[in-house]
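Close look at the chain arrangement
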Amino acid sequence: MRKQINTENLIIVDGHNFIFNFFKAGKLSKGKVDYLKEKLVSDLAWYKNLKNCDVIVVFDARSSDNLKRESQLVDGVKVIYSKKSETADDIIEELAGSETGHKRIFVVTSDYLQQKVIFRKNVYRKSSREFNLELIDLKRKVREDIIDSRKNSNRHFLSLEKRLNSNAKKRLSELRKK
């Protein structure tokens, strides 16, 4: 029996492809690449919560000694590491081709061949650049909403002193003096 899902969209991100295309991480140390992975997962969790969609990020681990595929849930984002001799592309093709119950599946990769392979009904592709621009725009809109919210809340905020009647102010003043 398939798990009931609450969202219409599934976003599948080719993790290393996004990092190496967006962050230009080609010559970074393993520690910095690990930091960028964590940042990507954090950004995807934030995106997931704002867009109410399911998100899976897939990382290559083909050069590792992993004998089986590993997955974990990090802040609501499913993170999958391929097994030895398996690529992220293999997993993405499998996920995009399987029946997930989602109305739309978006695959985020700048790998041209991958974009061609996954293209089918209800499976859409976004380049890493396009998805990054979407993330940046979403962050900008949230910042603007926060600023607007602060402006509006300050306008309607009345301090405690302004909300108390004169009798209550007098009693509080007496308590303060004790």
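Model, not experiment: these values are computed from the prediction.

The helix and strand tally for the protein chain stands at seven helices and six strands. If you list the helices and strands of the protein chain from N to C, you get β-α-α-β-β-β-α-β-α-β-α-α-α. Buried residues in the protein chain amount to 34% of all 178 residues. When contacts within the protein chain are restricted to residue pairs at least 6 apart in sequence, those whose partners lie at least 24 apart make up 53%. Summed over all atoms, the accessible surface of the protein chain reaches about 12,300 Å², with 50% contributed by carbon and sulfur.

Turning our eyes to something else, we now look at the nonpolar core. Ile-11, Leu-44, Val-57, Val-77 and Phe-131 are the most contacted members of the largest nonpolar core, which has 21 residues in total. Among the elements that line this core, the one with the most residues is helix H2 (residues 30-51), at six residues.

Using the criterion set out here, one finds ten salt bridges in the structure. A salt bridge links Asp-43 to Lys-39; the nearest nitrogen and oxygen atoms lie 3.2 Å apart. Remark: Lys-39 and Asp-43 occur in helix H2; sequence separation between them is four residues, near one turn of the helix. Here Asp-43 falls in the buried class, since its relative accessible area comes to 13%. On the accessibility criterion, Lys-39 (30% relative accessible area) is partly exposed. Between Lys-139 and Asp-43 there is a salt bridge, with the nearest N and O atoms lying 3.4 Å from each other.

Right, let's get into the packing of aromatic side chains. Per the counting criterion, the structure on display carries four aromatic pairs. Put simply, the rings of Phe-18, Tyr-47 and Phe-131 pair up and form one aromatic cluster. Above the plane of the ring of Phe-106 lies Lys-126, whose end atom (NZ or CZ) is 4.9 Å from the centre. Its guanidinium or amino end placed over the ring of Trp-46, Lys-139 lies 5.9 Å from that ring's centre, counting from NZ or CZ.

This part covers the environment of Ile-105. Position of Ile-105 relative to the elements: it lies in strand S5 (residues 104-108). Relative accessible area serves as the criterion here: at 5%, Ile-105 is assigned to the buried category. Here the alpha-carbon distance between Ile-105 and Tyr-124, two residues 19 residues apart in the chain, equals 6.1 Å. Once residues lying within four places of it in the same chain are set aside, the contact partners of Ile-105 are Leu-10, Ile-12, Leu-95, Ala-96, Thr-100, Asn-122, Val-123 and Tyr-124.

The pairing of strand S3 (residues 70-74) with strand S4 (residues 77-81) spans five bridges and is classified as antiparallel. In the strand pairing of S4, Val-74 is matched with Val-77. Hairpin connection from S3 to S4: two residues lie between these consecutive antiparallel strands, with Asp-75 at a positive phi of about 50°.

Criteria and cut-off values
- Residues numbered from 1 in each chain as written.
- Predicted model: local features only at pLDDT ≥ 70, side-chain atom pairs only at ≥ 80, totals over all residues.
- Heavy atoms only, no water.
- Helix = DSSP H or I, 4+ residues; strand = E, 2+ residues; numbered from the N terminus.
- Buried < 20%, exposed > 50% of the residue type's maximum accessible area, 1.4 Å probe, protein only.
- Contact = heavy atoms within 4.5 Å.
- Areas by Shrake-Rupley, 256 points an atom, 1.4 Å probe, with all protein chains shown as cover.
- Core = buried A, V, L, I, M, F, W, Y, C linked by side-chain atoms within 4.5 Å.
- Salt bridge = Lys/Arg side-chain N within 4 Å of Asp/Glu carboxyl O.
- Phe/Tyr/Trp six-rings, centres within 6.5 Å; stacked < 30°, edge-to-face > 60°.
- Lys NZ or Arg CZ within 6 Å of the ring centre and 35° of its normal.
- Pairing = 2+ DSSP bridges.

Any link to function would need more than the numbers given here.
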